[in-house]
Every structure is written in structure tokens, then in C-alpha cells.
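The lines below spell out each chain.
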Amino acid sequence: ERSKWPKETIDLWNRLYKKDAADIETIQKSIVHHVTTTLARAAYNMDNFTAYQAVALSARDRLIAQWNETQGQLSKADPKRVYYLSLEFLLGRSMDNALLNLGLKDVYAKGIGQLGFRMEDVVESESDAALGNGNLGRLAACYMDSLATLEYPAWGYGLRYNYGIFQQRIIEGYQAEFPDYWLNFDNPWELPRLDISIPIYFAGHVHSFQDEYGVTRHKWVPGQSVQAIAYDVPIPGYDTENCNNIRLWRSKPTRVFDLTSFNEGNYEKSVEDATQAEKITSVLYPNDNTMAGKELRLKQQYFWTAASLHDIVRRFKKSQRDWSDFPEQVAIQLNDTHPTLAIVELQRILVDEEQLNWDDAWEIVTRTFAFTNHTVLPEAMEKWSVPMFEYLLPRHLQIVFDINLFFLQKVEKRFPNDRELLKRMSIIEEAQPQQIRMAHLAVVGSHKVNGVAALHSNLIRDTIFKDFVEYYGSDKFVNVTNGITSRRWLNQANHKLSELITETLGSDAWIKDLDLLKGLNKKVDDKVFQKKWMAIKRANKVRLAELIKERCGIEVSPDALFDVQVKRIHEYKRQFMNILAVIHRYRTIKSLTPAQKANVQPRVVIFGGKAAPGYYVAKLVIKLINSVANVVNQDPAVGDLLKVVFIPDYNVSLAEVIVPASDISQHISTAGTEASGTSNMKFVLNGGLILGTMDGANIEILEEIGEDNIFIFGCLAHEVEDLRYAQRYRGVPMDPALQGVLAAIEKGTFEDPKIFQPLISTLTIGKDYYLISADFASYLRANQAVDAAYKDQDEWVKKSIRCTANMGKFSSDRSVKEYADNIWHIKPFKVVDNQQID
Ligand code: GL9
């Protein structure tokens, strides 16, 4: 026992229990140590990847020490913590960020440089951790960075998928999907905790009985079990000792698996069951903003929420507090409806296992959870069929029905005799078969519900949650506008610009306080500064042009206007409208005289993004982009005036190259469909202007940077319904320019037009749900305005500087602080450097 250790032992520990020094020699020693021992390589037998592994392992040692220190101090002080439950964490690469946040970027670069490697090449050798689809997962990653930087006691909980989002290749213009086996070479950024193994149960039946007081109780008698194994991913804050944790669960067969099959001599069946267990965390579902409804997905959700809650409850119980203190110690944020089962699981634990009465338990549950809604798209709303749910989670189904019953009884009391209202608000949808509406369950089980940008939060109050706002009052429904981390999206991705900003502001404090960028407003008219600013943009464009040459074999001029739309391919994001306008531009250029051509602003239109493998129309959009690119890029009549590029396999590390290189980026969703978007923030922070609709966070970006520095077009969210109605029932004709474009496709200008027929038919009058025709004319005008503005480079650079200068609001530090103050009620906890053991 430690308390009985003699003084010499304690002194020895304290002498040895010291953080490694951060001098170059110590760092080089640790790198070489990992090369020769962990990696078993010789110096002459090393490549960039080995160097990356060695640097990563060396940084990892420090991270783990810091992680350990943080968790130790937190255990002792036991402040209230927040747990961020997210099925996706799109972390991207870790090394550069880890070294930056540890404050060791320069020494490591120097250290590895002297050992014969260039840090840039070493950094490039890391592949992305891509455990997410798009924005929702990247947002979680940005929030984890901010939580650690602001020293909030926070843990993320997610799944450790063996396969992240698929790798996209383009074959004959079509998207092809390949598995992303990212764990091929081991992952130095995780810490397997094989000792932390939690049994998770499925199926079986419910045993009901009378307890000693004659109260009816229920016990779940499960039919299957698997194990959840913890893998911890340390998340260091920037410029702090604090190091938070993302715990990812991996499924494994229960150690003594299926003894009956074994004893019956059915070895193969028992091994088959074991494989089933491992399947749970095998693959990330590749859908963005759509619900697939697969049984395996429901299993993933329960497996993850049950393991996480088990962990959270175990940690709480160590403190021996009363259950009523639970919401004082624990805040749980539901990132979308994916983890909503956690509400049911906590109620089950409290009522069935801890024997609390229903109402006390429910009070604890609802004070603990808060829910973020990320979309209003109907196809994204999670619903689970009751029979499937009952088979996997029989006791949870009973609890869902009870939650619903008690809830509807209260609604009935407040608004008597309104059967329609009860039907609308019910957690159970009366369909064949019945469906569980996870969004309703999440609202009923949480104390706060938030949208992710001002417009979106208003929309959910007025549409999908309208009845709930009337019942609960509007205080429960709040807005927290999304944000991005300035560490990755400016300091790392655009290091030159970051240095210029630091030099200009006289300090790098802006990295932690993004509002300080406002200081750049004073420099807008400074010619020397402008020149430096544009030189950096140009260098970033050169870098992107090289990447395009390498990956697509297309030569583009860095002097052209770089126009970028990179994001998941989705009808509501309207990449289709973008490529249709490109065709219009192409046709226009072809019709010009040489003299007229001299006035055309050269443009490179850059696309990137993955389509869900089962999303046929979205995949056709990719094909159309590539077919158009093929024709346009080879047309001598066009030359450098227009180039079209589709960069395959868009991911976080590609974004870090693309974002700093844009002049214009497009965020052109039909108004009211993009909840927030966050790449819009990344582009503007890097001095790129936006061409966008009045949707999501674009609106708030406009408010911050001013309408002269953004190109806005298209209908407004409140006009959408009327426009759809007018199309459908009043025979509004199709936009004439659009008609011309479609005619060109149908004529076979870009390959066999039959290929694109299903795409074109989405624009049939009355069916154009995303209002491409309605917005087309104003979209073309906005594009012309972009060209004209870009020609005036003296004004353009001012706009670009103003963009960056006024983006402080969109720091994820601000978002996270709003969550902490208004929703979680947690306070920062500062970890002290190098504590001694006691
Ligand atoms: C999304 C929205 O579509 C985005 O507009 C929003 O910025 C992010 C983060 O709040 O959430 N909702 C959603 O379902 N996805 C989003 O990106 N997609 C997924 O990645 C699953």
C-alpha cells in the first residue's frame, strides 16, 4: 500500500516522476529510442514514414504523461464534467496539432531536421483518422480541441471503427468506394486500455416480479453479450497542461463466449457468434444527413451509449455521493439523436438496478442530458421500428413506452382534448409497424435543446419542435452557433498567414482569443501589408495547383480565380447548380469574339466531396462534373479561361491545403436546408470570400464581415414553401438560361446524355425541390459580380483582409464557452504542472 511506503521510496518516485525536458537533445534521444526499439529499425533503413512513426511515438509519450496528470488531478478534485457523446470524431491528422498544442513544434522540427528529415515530409506521412462523414464529426473534433484549450473537464465518447469513411477514387468519372483500413500501421495516437472491458447485452426478455415492498419491478434477462474495450485518444489543449480524453469503444466477443455451442461441439457456430460481436464496431455508416435504418446501426448506438454510461456511472459512484447529485457532477451532450438511447439506458439503470422510483430517476435523467439538433431534413430524422427495437432491447422498449405515456398524460393535462396534438408530439409514430421518433425522445429527455446557427435554431422552434416549444416554453430551446478551432484552421493550415498576423498584431494571443483579429482592420489600407497578404494567398494557390497537377493531372494557373466547392455531395447543397452554371459559363465563353474573351476573368472551378455509396443522384452529379471537366479542360477555344477540377477523396488533410487557397468558396444550399456549415467559416477565416445563400451560418458571417465582403444570392428561407408551391401548382416556367444548359447536356455535349437523364429529371417543373431553377438567374448574376470584383484586385485584397479580421465570433472557443455557461454549467479546471505524488 502506497501510504505505507517508506520515505525513501516516495522520494525516489518523486525524483523520477518528472516530465521529460523539452530540449532538443532529449527529444532526439526519444526519437532514436523509438526508432531502434519500438520500431526496430536502423538509421540507414528509415524512410519518412518511419520518421513519422518515431516522432509520433515520442510525442505520444508526452501526451500520455500529460493525460495521466490531468486525469489524476481531475479524479482528486472531482469537478463537474461534460461528456460529449458523438458517433463521429473526424480528427484528421494528429501530429502537427499535438506538437503545436504541446508547444514543441519548433524543437521537434529542428530535432528531426538534424536527424536528416524535413518536418513537412514527416507530417505528410500521417494518414487521416477519418471516423466521421462531414461537418457533424469535424465539429466534434473542433469542440474537443477547444474544450481542452479552455481547460474544461470534458470527455468525448465514441466508437473505434476499424474502417473510417471510405476512400473515394474516380474511375471513368464515377465515384468508386474503397475501404479505409486506417489501423493498418497501428495508431500511435491511441492508448488501448485492455483492462477496461464492459459487458454489453442485447435481446433476451424481461422478467417482472414484486419486490419485498410489493412494488412491481422489472429485470432485463439478456440473450446475448459482447464486450466493450476502451481505447483512449489524448486531446491536448493549446498552451495548457490540460489533456482531455476521447474514449472510443471497440467490440469484442465476451471471453467465455457461447459455452452451450461449445459444449454441444458446435465450434463453428460459437466462432461465428464471436465474429458477429466484432462486427459492431467494424464500420462507420457512410451517410451524411440521411438515416439508413439498419439493425447493425441500432446495435452500434446501444453498444456505444451503454458502454459510455456504464463508465460515467462507475466514475460517479466512486465519489459516494447521493444520486440526486448526479446532474451536479455530470452533463451529457447528445450530438444529434444518435446517442438518444443513453436517456433510456440511464433511466433503466436508475430504476431497475439502483431501485430509484420512476419520477426521481426521470428528474435526474432530464437534468443531465442536453441535445443538439443538426438538421431539419426529413430523411435524416432517426426512427426505429418498434419490432426491431423490441427484439434487440426489450426492456428499453418498455421504458420508451412508459416515458411516452407519462409525457403524453402531462401534455393532455395542459392541452386537454387535442388528439391531433398528442399524435403529433408522441414519441411513437403510429405507422405499420410503429416507429420510435428519436428526436422527440431526445427533446423529452433533455433540459436544453439547441440548433447550430441562429436561422436553424429559429427554424427548429418554428417547425419540427413547434409543439414542444408551446408545451415546455421557449427557454428550453436555445441557439449555439457552431465554430471552428483557430489552431488547426488558421495556425496549422495557413502557417505563413498566421505568422504575418502575429507579426502585425505584435503577439500570438489571437490563437486563443480570436476576437483580437479585429486589430487587422487597421491594416486594410496598408499597401505593404496588402502585398504580403496577397503573396501568401498566391503561395497557397501555387501549392494547391501543384496538388491538382499531381492528383488530377490538370494544369491550372494560380493567377486565375480559384472557386471552390468542397463538401459532401448532396442535392440540398446544390453542387448540381454549380456545375450547371459552369456549363453556362462554358457556353458563354464559346460564343465570344477574341476581343470579348480578353475581358473574361479566368476561373478554376474546384470540386471535392464524397457521395453516400447508395445515393444514386449524388453520384451522378460527380459523374457530370467529371464529364464537363473532360470537355472543358481540353477545349482550345477556352484555354485558361475556364478549368474544372474534381479532386478525389476529399478529407480533413486535403481541406487544410484547399481552404487557404480559395479566392471564392461556394455555400449555396437552398435556404433553410444547411443547418450551419462550418467550412464557410474556415474559408473566410483564411481570407477567402464567400458566394452563398442566406442559409445556416452564412447569415451570421455576413453580419460580422459586412455585406460588401460577401456575395449573396437566392431566395430566403421563408420564401421556399411558396416557391415550391408556385412551381407545383402555378406552372412557373423553367429559367431560360437553365433551359439552354439542359439542352446542351441533352444534345450530348458531355458524353451520352442518357447517363444524366435521372439527374435532369430532378429539375422537371414541379419537382425541382431544391429550387435550382428559381435561384438560377440570381446565381448567375452573383457569379458575374464575383468576376467583376476580382478584377479590381486593389479592392479585393481589402475585402479579403476584412474577412479574416472579423471572424472572431466563429472560434469554437466561443461556442464551447456558450455550451459550458448556458447548458452544461461547468467551470474550467486548471491542471498544475508536474505534481508530486503524495
Ligand atoms: C450537419 C449539418 O448538415 C451541417 O450544416 C452542420 O454544420 C453540421 C454540424 O452542426 O451538422 N448535420 C448533419 O447531419 N450533418 C452535418 O454536417 N452530417 C453528418 O456529418 C452526419
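Residues numbered from 1 in each chain as written. Predicted model: local features only at pLDDT ≥ 70, side-chain atom pairs only at ≥ 80, totals over all residues. Heavy atoms only, no water.

As for the site of the ligand
As a matter of local geometry, the ligand sits amid 16 residues, with Asn135, His374, Asn482, Glu674 and Gly677 nearest to it. In this structure, Asp288 approaches the ligand through a side-chain N or O atom, which is 3.0 Å from an oxygen atom. Within the side chain of Glu674, a nitrogen or oxygen atom sits 2.6 Å from an oxygen atom of the ligand. Notes on the ligand: free accessible area 450 Å², of which the protein chains cover 97%. Residues belonging to the shell around the ligand are distributed by class as follows: five nonpolar, eight polar and three charged. Here the shell around the ligand spans two domains, and each of domain 2 (78-93 + 128-481) and domain 3 (488-810) adds at least three residues to it. (Near = heavy atom within 4 Å. Polar contact = N/O pair within 3.5 Å; in protein donor to acceptor, adjacent residues only side chain to side chain. Areas by Shrake-Rupley, 256 points an atom, 1.4 Å probe, with all protein chains shown as cover. Nonpolar A, V, L, I, M, F, W, Y, C, P; charged D, E, K, R; others polar. Domains from an automatic or database assignment.)

Considering the sheet that holds strand β14 (residues 383-385)
One open sheet accounts for three strands, arranged β14-β16-β15; its pairing is antiparallel. Pairing within the sheet leaves two strands with one partner each, and these edge strands are β14 and β15 (428-429). (Pairing = 2+ DSSP bridges. Helix = DSSP H or I, 4+ residues; strand = E, 2+ residues; numbered from the N terminus.)

Quick word on the domain arrangement of the protein
Domain assignment breaks the protein into domain 1 (18-77 + 99-123), domain 2 (78-93 + 128-481) and domain 3 (488-810). For domain 1 and domain 2, the distance between their C-alpha centres works out to 35 Å. Tallying the contact residues gives 21 residues for domain 1 and 26 residues for domain 2. Taken together, the two surfaces of domain 1 and domain 2 that pack against each other cover about 2000 Å², and 57% of this comes from carbon and sulfur. When the buried area of domain 1 at its contact with domain 2 is split by residue, Trp67, Leu74 and Asn101 rank highest and sum to 33% of it. Counting every contact that joins domain 1 to domain 2 gives one salt bridge. (Contact = heavy atoms within 4.5 Å. Buried area = accessible area lost by both parts, 1.4 Å probe. Salt bridge = Lys/Arg side-chain N within 4 Å of Asp/Glu carboxyl O.)

A look at the environment of Pro327
As for its position among the elements, Pro327 is in helix α11 (residues 326-329). Classification of Pro327 as buried rests on a relative accessible area of 3%. Apart from the residues within four sequence positions on either side, Pro327 is in contact with Lys80, Ile364, Arg367 and Thr368. (Buried < 20%, exposed > 50% of the residue type's maximum accessible area, 1.4 Å probe, protein only.)

Brief notes about empty space enclosed by the protein
As enumerated under the stated definition, the model contains seven cavities of 30 Å³ or more in all. For the second largest cavity, the calculated volume is near 200 Å³. Leu91, Ser94, Asn97, Ile235 and Arg488 are the residues nearest the centre of the second largest cavity, which is lined by 15 residues in total. Mapped by element, the contributors of at least two residues to the lining of the second largest cavity are α4 (95-102), α7 (135-149) and β10 (224-236). The element best represented in the lining of the second largest cavity is β10, accounting for four residues. The residue inventory of the lining of the second largest cavity, partitioned by class, reads nine nonpolar, three polar and three charged. (1 Å grid on protein atoms, 1.4 Å probe; cavity = no way out; pocket = protein on both sides within 12 Å on 5 of 7 lines; lining within 4 Å. Points joined across faces, edges and corners; volume = space filled by probe spheres on them.)

Quick look at the packing of aromatic side chains
Scanning all chains against the criterion turns up 30 aromatic pairs. Ring geometry for Tyr143 against Tyr819: centres 5.7 Å apart, planes inclined by 65 degrees, an arrangement best described as edge-to-face. Of the two residues, Tyr143 is situated in helix α7 and Tyr819 in helix α34 (residues 812-824); the sequence distance between them amounts to 676 residues. Residue Tyr143 shares its accessibility class with Tyr819, and that shared class is buried. Ring centres of Phe711 and Trp796 lie 6.3 Å apart, and the angle between their planes is 20 degrees; this geometry places the pair in the stacked category. Here Phe711 is found in strand β24 (residues 711-713), whereas its partner Trp796 is found in helix α33 (residues 793-805), with 85 residues between them in sequence. Among the aromatic side chains, those forming a connected cluster through ring pairs are Phe371, Phe407, Phe465, Phe468, Tyr471, Tyr472 and Phe477. Positioned above the aromatic ring of Phe562, the side-chain terminus of Lys541 is 4.9 Å from the ring centre. Directly above the ring of Trp489 sits Lys682, whose terminal nitrogen or CZ lies 4.4 Å from the centroid. (Phe/Tyr/Trp six-rings, centres within 6.5 Å; stacked < 30°, edge-to-face > 60°. Lys NZ or Arg CZ within 6 Å of the ring centre and 35° of its normal.)

Examining the side chain of Asp813
Locating Asp813 in the fold gives a position in helix α34. Note on Asp813: relative accessible area 8%, which makes it buried. Side chain to side chain, Asp813 and Arg487 meet in a polar contact 2.8 Å long. Excluding residues that lie within four positions of it along the chain, Asp813 makes contacts with Ser146, Leu150, Arg487, Ile511 and Lys512.

As for the sheet that holds strand β1 (residues 81-85)
In spatial order, the strands read β7-β10-β11-β4-β1-β12-β13-β17-β18; together these nine strands make up an open sheet with mixed pairing. Either end of the sheet is taken by a strand with one partner, and the two such strands are β7 (191-202) and β18 (477-479). Neighbouring strand axes in the sheet, compared pairwise and without regard to direction, differ in orientation by 25 degrees on average. Sheet analysis places strand β17 (residues 448-451) next to β18, joined by three bridges and oriented parallel. Within β18, the residue paired with Val449 across the bridge is Phe477. Packed on one face of the sheet, helix α12 (residues 341-353) meets β1, β12 (330-335) and β13 (369-372) and runs near 170 degrees to β13. Each of β12 and β13 touches helix α13 (residues 358-368); the most contacted strand, β13, lies at about 45 degrees to it. (Axes fitted to C-alpha atoms, helices over the stretch in contact; angles between N-to-C directions.)

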